[in-house]
Amino acid sequence: MKIQVMGPGCPKCAEAEKNVKEAVAEAGIEAEVIKVSDFQEIASFGVFSTPAVAIDGEVKVVGKAPSKKDVLKWLK
Amino acid sequence: MNNETNSATCACQTEAHVSGKKAKSGTPKMIVLGLVCVGIWYAIYSQLLPFSEWFSYALLGLSAESHLGSAVQFFVYDTPKVLMLLLIVVFFVGILRSFVTVDWTRRVLAGKKESVGNVLAALLGVVTPFCSCSAVPLFIGFMTAGVPLGVTFSFLISAPMVNEIALVLLYGLLGWKIAALYFVTGICVAIVAGWTMGRMKLENYVEDWVMAIRAGESGLSDQKMTWQQRFEYALDSVKDIVGRVWKYVVIGIAVGAGIHGYVPEGYLAGIMGDSSWWSVPLSVVIGIPMYTNAAGIIPIVEALLGKGAALGTVLAFMMSVIALSFPEMVILRKVLKPRLIAIFIGVVGCGILFVGYLFNAVI
């Protein structure tokens, strides 16, 4: 599983990354968490507001740091 | 001045909370609950003034004429008043924002002619959830959707400049007339500045790679939220925004209360009054490198006005602080060439100067 956290590095983006990593650890699954900060790549997802999270290429949330609970729901 | 760059950078970060699942329809129950809450809110709100008078004059035994008495009463009345206004306004703006996503805005603006587009973009800038760390993705999103550059700038100017927290604070501390002035002139600066930039044909000064981008289809565009989700989204934004700004509000009102009780009127009239022509440009120049959020700047605005500064000068200062922030320019440098950033600062700066002189002349 590949999880992409998109954001240039504002506090909300860092929060998104942290929550995703914690959720992955808690779910005990094998997943690669990648931070995407290149705007060109972010745009290729059709994402125009950060932070955003995509799992296996599918965008799950835009413009908001998801909570750990949100991420756990997506991982199921 | 609180330079809380971190929290300020994301002063408006919330966006549609979209979860794929459909929640059960609890709409009637939610609406009844909502009405009950508004009723309770109003009942408390209407008792704030008598309570503050009772608390300061009867319970603490202070005199209404004394410096301390009027400062305490001001603080005890204004703190809950502003916080309660903030709660309800942020909640309803949250509901509104659950409809108006960045993606939707992008699609609406894409098909519009320039002049209409400038007006619409300035208005949507007020309600669309977006934070300055999203300025670049948003800029790319608008460009790739074919939104004209000038229209995009109208949006980028009005989004930070006209802000619901600033509106509530201005209304709560200085009355509805000044709040309305701020709202209307902010929108006008955004419309005129964006339109002017559109006339200047500046497309060549956007970094080349932006124009070459082929943006993907938006992953989340068509998911509808239920009313329950909208309420949850609005409550989330209340928790988030009010949770972050309440301390500035309290500090600001404490400062305001001190000024209200102690500082003689007319104190600043000589330096920032309407008699000195250079006070407006000077306050804009001072304002640009300062960076704070709306909650941080309003107490300063109140302090300046309370000491006798002219309204136009203070409005110009406030607008330059909020609309022309240095960190946002640094972020925008990724997509704009320096010359375009300079023009952006110049055009918006002129608009703000105009507002400043206008109000000093009229009021």
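The structure presented is a predicted model; accordingly, all values stated were derived computationally and were not measured.

Analysis parameters
Residues numbered from 1 in each chain as written. Chains lettered and ligands numbered in written order. Predicted model: local features only at pLDDT ≥ 70, side-chain atom pairs only at ≥ 80, totals over all residues. Heavy atoms only, no water. pLDDT = per-residue confidence, 0-100. Contact = heavy atoms within 4.5 Å. Buried < 20%, exposed > 50% of the residue type's maximum accessible area, 1.4 Å probe, protein only. Helix = DSSP H or I, 4+ residues; strand = E, 2+ residues; numbered from the N terminus. Phe/Tyr/Trp six-rings, centres within 6.5 Å; stacked < 30°, edge-to-face > 60°. Lys NZ or Arg CZ within 6 Å of the ring centre and 35° of its normal. Axes fitted to C-alpha atoms, helices over the stretch in contact; angles between N-to-C directions. Parallel < 35°, antiparallel > 145°, perpendicular 65-115°, else oblique. Left-handed = near helix turned anticlockwise from the far one by under 90°. Nonpolar A, V, L, I, M, F, W, Y, C, P; charged D, E, K, R; others polar. Pairing = 2+ DSSP bridges. Right-handed = clockwise from strand over helix to strand, strands pointing away. Core = buried A, V, L, I, M, F, W, Y, C linked by side-chain atoms within 4.5 Å.

Trainee: Where do I start with the confidence of the model for chain B in this structure?
Mentor: Detail in the predicted coordinates should be disregarded across regions flagged by low pLDDT. Here chain B averages 81 in pLDDT, while 85% of its residues score no lower than 70. A low-confidence stretch, residues 1-24 of chain B stays under pLDDT 50, and its non-local contacts, those more than four residues away or across chains, total 71 contacts.

Trainee: Explain helix α7 (residues 135-144) of chain B here, please?
Mentor: Because the α-helix completes a turn every 3.6 residues, residues three or four places apart line up on one side. Among the 10 residues that make up α7 of chain B, 9 are buried, leaving the element largely enclosed by the rest of the structure. At its buried positions, α7 of chain B is contacted by α2 (39-44) of chain A together with α5 (102-110), α8 (149-161), α11 (208-212) and α17 (326-332) of chain B. G146 of chain B lies just past α7 of chain B and shows a positive phi near 85°.

Trainee: What am I meant to see in the packing of aromatic side chains here?
Mentor: Residues and elements named next belong to chain B. All told, the structure shown has 10 aromatic pairs over all chains when counted by the stated rule. For the pair F99 and W227, a centre-to-centre distance of 5.8 Å together with 65° between the ring planes defines the contact as edge-to-face. You can see F99 sitting in the loop between α4 (67-97) and α5 and its partner W227 sitting in helix α12 (residues 227-262), a full 128 residues away along the chain. F99 gets classed as partly exposed once you look at its relative accessible area, which sits at 40%. Residue classification places W227 among the partly exposed residues on the basis of a relative accessible area of 37%. Ring-pair connections join several aromatic residues into one group, and the members of that group are F91, F92, F99, W227 and F231. When the ring centre of W227 is taken as reference, the NZ or CZ atom of R230 above it lies at 5.9 Å. Taking the ring centre of Y248 as reference, the NZ or CZ of K247 above it sits at 5.9 Å.

Trainee: I tried to follow the packing of helix α9 (residues 164-174) of chain B against helix α10 (residues 176-199) of chain B on my own but got confused; where do I start?
Mentor: All names here are of chain B. Where α9 contacts α10, the two axes come as close as 7 Å, and the packing angle between them is 150°. Put simply, α9 runs roughly antiparallel to α10. The two elements α9 and α10 cross, and the hand of that crossing is right-handed. Across the interface between the two elements, A166, L167, L170, Y171 and L174 from α9 touch W176, I178, A179, Y182 and F183 from α10. The residue makeup of the contact of α9 with α10, split by class, is 10 nonpolar, no polar and no charged.

Trainee: Would you mind going over the pairing of strand β2 (residues 32-36) of chain A with me for this structure?
Mentor: In the case of a regular strand, side chains alternate between the two sheet surfaces. All names here are of chain A. Strand direction decides the pairing type here: strand β1 (residues 2-6) and β2, joined by 5 bridges, are parallel. Following the sheet pairing, V5 is matched in β2 by K35. At this point the chain moves from β1, through helix α1 (residues 11-27), to the parallel β2, and the crossover so formed is right-handed.

Trainee: What is the right way to look at the sheet that holds β2 of chain A in this model?
Mentor: Within a sheet, each strand pairs with its neighbour through backbone hydrogen bonds, oriented either parallel or antiparallel. All names here are of chain A. A sheet is described by the order of its strands in space; here 4 strands give the open sequence β2-β1-β3-β4, paired in mixed fashion. Across the chains shown, the open sheet's two edge strands, defined by having one partner strand only, are β2 and β4 (58-62). On average, each strand axis in the sheet is tilted by 20° relative to the strand beside it, whichever way the strands run. Judged from the 4 bridges that link them, strand β3 (residues 52-55) and β4 form a sheet pairing that is antiparallel. Bridge pairing links A54 to V59 in β4. Sitting on the sheet, α1 touches β1, β2 and β3, and the angle it makes with β1 is about 160°. Where helix α3 (residues 68-75) meets the sheet, its contacts fall on β1, β3 and β4, and the angle it forms with β3 comes to roughly 20°.

Trainee: It is not clear to me how the nonpolar core should be interpreted in this structure. Could you clarify?
Mentor: When a protein is soluble and globular, its nonpolar side chains tend to lie buried together. With 116 residues, the main nonpolar core has F139, F155, M318 and L336 of chain B as its most contacted residues. Setting aside residues no more than four positions away along its own chain, M318 of chain B makes contact with L170, Y182, I297, I298 and V301 of chain B. Core analysis: the next-biggest nonpolar cluster, separate from the first, contains 14 residues, A16, V53, A65 and V71 of chain A among them.

Trainee: So what exactly am I meant to see when it comes to the environment of V127 of chain B here?
Mentor: Residue and element names in this part refer to chain B. Looking at where V127 falls in the secondary structure, it is placed in helix α6 (residues 114-127). Assessed through its relative accessible area of 18%, V127 is described here as buried. Taking the C-alpha atoms as reference points, V127 and E302, separated by 175 residues in sequence, lie 25 Å from one another. Aside from chain neighbours lying at most four places away, what touches V127 is L96, R97 and V100.

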